[in-house]
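# Descriptive structure summary
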Amino acid sequence: MDSPPLYLPLLLLTCLLTLWQGAGAQSLFTIDSVTLKLDPSGEVTSGTLMDLNCEVSVSHDQSHPLTHSFNFLRDDVLVYSKNTTEPAVLHQLTPARAANSGTYKCQVIVQGKSKGSRTHRLTVTGLQTPVLQVTSQILFEGDEVTATCSAPDESGSLFFHFYQDQEKIRQVRANGNSVETRLELKHAGDKHLRCYFEITMLPDAGRSNNSNTVKVMVKELFITPVMNILPGKDVIEGDVVEFVCRVVNPPPNVVVFLTKDKRVLKSAFISLNHSLSVLAEDSGEYVCKADRGNVQKEAYKSIKVKELFSKPVLVMKPREVFETQRFTLNCDTDRYSHERINIGDVKYSLYRNQVLLTSGGKYSATAHPSLNGNYSCQAQAQGRGQTKKIFKNSTQIVLKAKVPVSVPLLSVVGGRLILGKPFQLQCQSDNGSLPITYTLLSPYRQAEFRVVRRPWDLALFNITSIHRSTDIHSFSCKAENYPSQPHMESSGEHLRRTATIIEPVSRPVLTVTPNMGDVAEGENLTLTCTVQRGTPPITYTWYHTKSALPLLSKTTNDMRLSHSVQGVSREHGGGYYCVTNNPSNDSQRSAMVTVGVKLAGWKKGLIAAFCILLTVSLIIIILVKKCLLPFRRERTVELSVKPASTKTDETLRLTHGEVNEAANVTPGVMGRSIWSDHVSGSESDDQTSEETTEVPEPRYTEVHPQEVDPTRAPVKKGTDTVYSEVQNSNQARLS
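Keep in mind that this is a model prediction, so the values were computed, not measured.

### Re the overall build of the protein
- Scanning the protein from N- to C-terminus turns up seven helices and 53 strands.
- By residue count, 37% of the 735 residues in the protein fall in the buried class.
- Sequence-distant contacts, at least 24 apart, represent 61% of the contacts inside the protein between residues at least 6 apart.
- Carbon and sulfur atoms form 53% of the exposed surface of the protein, whose accessible area is close to 42,800 Å².

### Considerations on the pattern of salt bridges
- What the rule picks out here adds up to 17 salt bridges.
- The residue Glu 237 makes a salt bridge to Lys 392 at a minimum N-O spacing of 2.8 Å. Of this pair, Glu 237 sits in the loop between strand E19 (234–236) and strand E20 (240–247) while Lys 392 sits in strand E32 (residues 390–393); the two residues are 155 residues apart in sequence, bridging distant segments of the chain.
- Residue Lys 392 is classed as buried on the basis of its relative accessible area, which comes to 10%.
- What you see here is one network of salt bridges that share partners, running through Glu 237, Glu 307, Asp 334, Arg 335 and Lys 392.

### Points about the packing of aromatic side chains
- Per the stated rule, a full pass over the model turns up seven aromatic pairs.
- Each ring, one from Tyr 540 and one from Trp 542, has its centre 6.3 Å from the other, and the planes form 20 degrees; the classification is stacked.
- Judged by relative accessible area, which is 0%, Trp 542 ranks as buried.
- Just above the ring of Phe 29 sits the side chain of Lys 113; from NZ or CZ to the centre is 4.9 Å.
- Seen from the ring of Tyr 577, Arg 589 lies directly overhead, with NZ or CZ sitting 3.6 Å from the centre.

### So, the sheet that holds strand E36 (residues 423–428)
- Strand order in the open sheet formed by three strands is E34-E36-E39, and the pairing between neighbours is antiparallel. The outermost strands of the open sheet, each flanked by one partner alone, are strand E34 (409–412) and strand E39 (460–463). Direction aside, neighbouring strands of the sheet carry axes that sit 25 degrees apart on average.
- Note that E36 and E39 share four bridges and pair antiparallel. In the strand pairing of E39, Leu 425 is matched with Phe 461.

### Quick notes on the state of the cysteines
- In the structure shown here, the tally under the stated rule is six disulfides.
- Shown here is the disulfide that connects Cys 54 with Cys 106, its sulfur atoms set 1.9 Å apart. Across the S-S bond of Cys 54 and Cys 106 the torsion is about -85 degrees, and the bridge reads as left-handed. Placement of the pair is Cys 54 in strand E3 (residues 50–60) and Cys 106 in strand E7 (residues 102–110), with a sequence separation of 52 residues.
- Judged by relative accessible area, which is 0%, Cys 54 ranks as buried.
- The disulfide bridge from Cys 427 ends at Cys 477, spanning 1.4 Å between sulfur atoms.

### Regarding the sheet that holds strand E45 (residues 525–530)
- Spatially, three strands are ordered E43-E45-E48 in an open sheet, and the strand pairing comes out antiparallel. Each of the sheet's edge strands pairs with one partner strand only, and the pair in question is strand E43 (509–513) and strand E48 (560–565). Taking the axes of each pair of neighbouring strands and ignoring which way they run, one obtains an average angle of 20 degrees across the sheet.
- Judged from the five bridges that link them, E43 and E45 form a sheet pairing that is antiparallel. The residue bridging Thr 511 from the neighbouring strand is Thr 528, located in E45.

### So, the environment of Val 405
- Mapped onto the secondary structure, Val 405 falls in the loop between strand E33 (397–399) and E34.
- In the structure, Val 405 is positioned 77 residues away from Tyr 482 in sequence and 8.9 Å away in space, judged by C-alpha atoms.

### So, the environment of Asp 75
- Counting through the fold element by element, Asp 75 comes out in the loop between strand E4 (68–74) and strand E5 (77–84).
- Residue Asp 75 is classed as partly exposed on the basis of its relative accessible area of 43%.
- Those residues in contact with Asp 75 that lie beyond four places of it in its chain are Ser 101, Gly 102, Thr 103 and Arg 121.

### Some points on the pairing of strand E37 (residues 436–442)
- Taken across its seven residues, E37 has five buried, putting it largely inside the fold.
- Pairing geometry for E37 and strand E38 (residues 445–452), over six bridges, is antiparallel. Following the sheet pairing, Ser 442 is matched in E38 by Arg 445.
- Linking two consecutive strands that pair antiparallel, namely E37 and E38, is a turn of two residues.
- Pairing of E37 with strand E40 (residues 476–480), which is carried by five bridges, proceeds in the antiparallel orientation. Looking at the pairing, Thr 439 lines up with Lys 478 of E40.

### Some points on the side chain of Asp 291
- Considering the arrangement of structural elements, one finds Asp 291 in strand E24 (residues 284–292).
- Of the polar contacts made by the side chain of Asp 291, one reaches the side chain of Gln 296; its length is 2.9 Å.
- Setting aside its immediate chain neighbours within four residues, Asp 291 contacts Asn 253, Val 254, Val 255, Phe 257 and Gln 296.

### Here's the deal with the pairing of E48
- Burial of E48 is one-sided: the residues Leu 561, His 563 and Val 565 facing one way are buried, the residues Arg 560, Ser 562 and Ser 564 facing the other way are not.
- Direction of pairing for E45 relative to E48: antiparallel, over a ladder of six bridges. Each residue of the ladder has a partner; that of Thr 526, found in E48, is Ser 564.

### Side note on unusual backbone geometry
- The linkage connecting Thr 94 with the following residue, Pro 95, adopts the cis geometry, with an omega of -10 degrees.
- Mapped onto the secondary structure, Pro 95 falls in the loop between strand E6 (88–93) and E7.
- Of note, the bond from Lys 317 into Pro 318 is cis; its omega dihedral lies within 30 degrees of zero at -10 degrees.
- Looking at where Pro 318 falls in the secondary structure, it is placed in the loop between strand E26 (313–317) and strand E27 (326–332).
- For Ile 270, which is not a glycine, the phi torsion comes out positive at approximately 70 degrees.

Criteria and thresholds
Residues numbered from 1 in each chain as written. Predicted model: local features only at pLDDT ≥ 70, side-chain atom pairs only at ≥ 80, totals over all residues. Heavy atoms only, no water. Helix = DSSP H or I, 4+ residues; strand = E, 2+ residues; numbered from the N terminus. Buried < 20%, exposed > 50% of the residue type's maximum accessible area, 1.4 Å probe, protein only. Contact = heavy atoms within 4.5 Å. Areas by Shrake-Rupley, 256 points an atom, 1.4 Å probe, with all protein chains shown as cover. Salt bridge = Lys/Arg side-chain N within 4 Å of Asp/Glu carboxyl O. Phe/Tyr/Trp six-rings, centres within 6.5 Å; stacked < 30°, edge-to-face > 60°. Lys NZ or Arg CZ within 6 Å of the ring centre and 35° of its normal. Pairing = 2+ DSSP bridges. Axes fitted to C-alpha atoms, helices over the stretch in contact; angles between N-to-C directions. Disulfide = S-S within 2.5 Å. Polar contact = N/O pair within 3.5 Å; in protein donor to acceptor, adjacent residues only side chain to side chain.

Keep in mind these values describe shape, not function.
Following this line, the structure appears as structure tokens:
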């Protein structure tokens, strides 16, 4: 690889050094102030020479001056710019115009830094008077002239207005200070043209003065046409009429037109001829019009064409034709021109659907769908001295043989009705031309009418209600589609066969088995719901007042239905009712029946057996007590008559044994103690007296209750008297 030349490193070093010096030479500066002066200032008149002087003061550390970028702004839009090292720049308006009005400001930029002066308002009053020029001052009416309106010293967007005398005829917006346009001068005479302008962006500046006035002479164009009609104004159909339209001594480029009812029949330069074999409809006003540029002149003539014969009239009898009915077509004219033809000269032809049906003015046939169509008649004749036949067509007749109305069918809308509720009846015939009038008849109401005019219309009749199924037989329907045709009538027999009549269910009756509403536990309860009337199927539903849900719901065709509750218990007691319904959706509820649940028989027997057993037990206890009573009294008396001090431990033990035995026996019968029987009551006294015969001293005075030891707790299983006796024995033993 070759080594680089020796001068390249030196060149590179020189460039780097230059860049370093340039970077080091970056000046330090600050813009002290920017001043804008307007001379003269404030408000000046248009055409004044204006000086806008902008000065800048910059402090810097350079020995050479800095470059300043001066920008003059009007309403923040740049209008003049200059780059210079000078500290001031002069911008002149030579001269000032209204478009120079606005708010001025000077913006100075030095090496990326900028500063602006205060703003100054300049108002230039007055506008330059425009100048109007035209290309020609002598014209024919309708010609156009080119006009130029200019204000060479103005600037900005201008809006020019052109006037002819006192009438504004054109206004044009221009981007410059002049505009050229074409003006049309319509009427003959001397015309005075002028213009003025406005500054679009300065509406406050007002409008300029009017320009100079230019006089233009407009000459009249003598192009009024002349019109002739030959042979004359009154002609007969088939005659040939010639129209002549021309301009006498016309200027160049004149065109003439022949028109009628705004329809151009013919046109040509300067003059024209037009021939026409006229008909009655050619009567009216004709216009001959001459046209040159924007100028038109007209002439008018009218003609009246008399009919050679009148328009044929096609008549069909009868006017309304039904199938299989005879009809006749007759074609005729009621007027003709005796000067040209006789009545026999008019020939007729009948057409059906534009196809020749017969040559002649009459046609007769039997109505049939194949003969339906559009019928017309054509009449023709040729007048004496005429070379052309005249043809005239009648107005078309549309033949559509009507279909006689068929026997109507009376039906219930929806196919079913509910007794006692509103419903609709429809009367309809399968065949019959519209319109068809349907009449609903019934001996119990006024006749009602419905007219069906369109295929999708229905003859519907609103019926309030009926309460018996046999009432449906009273309705009948009548249909007719033309007064001259016999009407067709249907009876209610078809209605009876096709309609489903639903009778709402009557109020049900709920019965309970067994009777009287009382049932024993474990027995079966039968709830029977019965209705007297109602169209099946009937839905029966049973309810128990203790539950919001139904017990059972079942649908059947029967007038009564039962529901059994197997093995009733206490919770089955309460109120029951049933609800019935059928396709009428009119539910009925029965009265409530209350059911009471009695105890089961075996429970009653068990209770009776328990009561008997209890009674027997009580009787046995009483009998046992009575048997033991004498012995217990003997022992008691024996214990009572012995001295307390001589009682032995054995006696004391017997006494305690008796006491314990007495405590174990039933404490009392009918609320009395066994021991208390020994010492109280009449029976006790009698028995004691009997014992006295065996015991010499049976006195109770030997018992001393006051000697009871207060330190011993009493045994509460005997009476106080017996207690005292036991306590004394113990005391004697202890002593």
